Amino acid sequence: MKEITVAASPNIALIKYWGKRDAKLNLPNNSSISITLSGNLNTITSVSFPGNINVDTLIIDGEKQDWHGSNQKINYMKEILQEMKKIAGISDNVLIESKNSFPSSAGLASSASGAAALVFALAKSFELDLSSKDLSILARRISGSACRSLFGGFVVWHKGIKEDGLDSFAEQIADESYWPEIRDVIALVNPSRKKISSSEGHERTAKTSSLYPNRPAFAESAAIKLIDAIKARDFNSLAEITMRDSNNMHATMLDSWPPIIYLEGASIEIIKGIHSLNEAHGKNIAAYTFDAGPNAHIITLDRHLSEIKGMLNEIEGIKDILVASPGKAPYELAKPI
Ligand code: PMV
């Protein structure tokens, strides 16, 4: 075993995961596809064995986490830590310190980079011979979408059909250098924490939306089309598939009972603004996609950045704009945090 520090990045889904066939193992009803993001957005996690702690300790953004509290993700992290210690035959107490370079409250998926960094750091520290696929299965159990952050570039998460989830893992479609012009312009609309957690949302939509039964087949066929668009570097198709999938997921959310509404006024203005831009160009130069929150991720190509920013500047209620590119898989850092 050795001390280690690693970095992992969040990802943005172009085909979304929403609704689970198994809530405990985070097994999805459909496959999903994402881009791992670079830039200043990441989680840095270090693992050490200080000797003066009498229990395994997890500190996130300076706050010591309670292993026995109500936060389900922390409980899953504990489970994974214990399993990995057992496989490695480690009985020393472990100190895990994790820092997000973006506020978790920014509505960006820090849980994805956090879970990916954790399993990657533990595997390296415990010197376990686990593949990225194996690690994606472990990360998935902490937070479903996290399994996609074990790879760089374009990534698919195969939904799998097995009950034990061993065929529900992530795989790379193309690495981060494959389509380097791709950008994700993130328009922060509301930085406060979402009112309905994604875990609750997954469940409520699958249980109550009358539109939801059509969603898994829709997303599954959209995923196949998107892989073709990525392979052909066909931005026009990628954009339409991405916008339709985001709209389809948010339609099932609105159709849930009580309805789940993550989009806000500025989010809707962004949707309209992108459609106007695309119309003016006679083809899609940008696509919006929204996770379980009001912040827009606008997928575009670097040559259109200033036009997109110009459009966003006209919209009231946007607090900040960040730009990310396709990013890499988790990696080891030379220095501790
Ligand atoms: O991984 P979770 O449980 O936080 O769910 C994430 C769901 C979405 O972000 C809305 C879509 C996705 O595939 O990332």
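Predicted model, so just to flag it, every value in this text is computed and none were measured.

Trainee: What exactly am I supposed to notice about the sheet that holds strand β12 (residues 182-188) here?
Mentor: Through backbone hydrogen bonds, the strands of a sheet pair up, either in parallel or in antiparallel fashion. Pairing is antiparallel across the open sheet formed by 4 strands, whose spatial order is β13-β14-β12-β15. Looking at the sheet topology across the chains shown, the edges are occupied by β13 (286-290) and β15 (320-324). Put simply, the sheet's adjacent strands are angled 25 degrees from each other on average, direction ignored. Against the sheet, helix α6 (residues 235-254) touches β12, β13 and β14 (296-301), its axis set at about 25 degrees to β13.

Trainee: Would you take a moment to explain unusual backbone geometry for this structure?
Mentor: Apart from glycine, the bulk of residues carry a negative phi angle, and the bulk of peptide bonds sit in the trans form. For the peptide bond that leads from Trp257 to Pro258, omega is -10 degrees, which places it in the cis range. Structurally, Pro258 can be placed in the loop between α6 and α7 (265-281). Phi is positive for Asn26, which is not a glycine, with a value near 50 degrees. Position of Asn26 among the secondary structure elements: in the loop between β3 (20-22) and β4 (27-28). For Asn26, a relative accessible area of 3% translates into the label buried. With a phi close to 45 degrees, Arg233 is a non-glycine residue in the positive phi region. For Arg233, the position within the fold is in the loop between α5 (215-231) and α6.

Trainee: Explain the packing of helix α1 (residues 72-88) against helix α3 (residues 132-142) to me, please; I cannot follow it from the model alone.
Mentor: Helix-helix packing: each pair is described by the crossing angle between the helix axes and the interaxial distance. Viewed as axis vectors pointing N to C, α1 and α3 meet at an angle of 145 degrees, and their least axial separation amounts to 8 Å. Residue-level contacts link Lys73, Tyr76, Met77, Glu79, Ile80, Glu83 and Met84 of α1 to Leu135, Leu138, Arg141 and Ile142 of α3. Partitioned by chemical class, the residues of the contact of α1 with α3 number 7 nonpolar, no polar and 4 charged.

Trainee: Where do I start with the site of the ligand in this structure?
Mentor: Near the ligand you find 13 residues, and of these Tyr17, Ser145, Arg148, Ser198 and His202 are the closest. Note that an oxygen atom of the ligand is positioned 2.8 Å from one of the side-chain N or O atoms of Arg148. Its residues assigned to classes, the shell around the ligand shows 5 nonpolar, 5 polar and 3 charged.

Trainee: Looking at this model, I keep getting lost on α5. Mind explaining?
Mentor: Because each turn of an α-helix spans 3.6 residues, side chains separated by three or four positions end up pointing in the same direction. If you check α5, its first and last C-alpha atoms are 24 Å apart, about what 17 residues at 1.5 Å a residue would give, namely 24 Å. For α5, the set of buried residues is Arg215, Pro216, Ala219, Ala222, Ala223, Leu226, Ala229 and Ile230. Along the long axis of α5, the arc covered by the buried residues comes to 130 degrees, so they all point the same way. In α5, the exposed positions angled more than 90 degrees off the buried face are occupied by Ala217, Ile224, Lys225, Asp228 and Lys231. Arg233 occupies a position one or two residues after α5 and carries a positive phi of about 45 degrees.

Reading guide: rules and limits
Residues numbered from 1 in each chain as written. Predicted model: local features only at pLDDT ≥ 70, side-chain atom pairs only at ≥ 80, totals over all residues. Heavy atoms only, no water. Pairing = 2+ DSSP bridges. Helix = DSSP H or I, 4+ residues; strand = E, 2+ residues; numbered from the N terminus. Axes fitted to C-alpha atoms, helices over the stretch in contact; angles between N-to-C directions. Contact = heavy atoms within 4.5 Å. Buried < 20%, exposed > 50% of the residue type's maximum accessible area, 1.4 Å probe, protein only. Nonpolar A, V, L, I, M, F, W, Y, C, P; charged D, E, K, R; others polar. Near = heavy atom within 4 Å. Polar contact = N/O pair within 3.5 Å; in protein donor to acceptor, adjacent residues only side chain to side chain. Expected span 1.5 Å × (residues − 1). Arc of directions from axis to C-beta.

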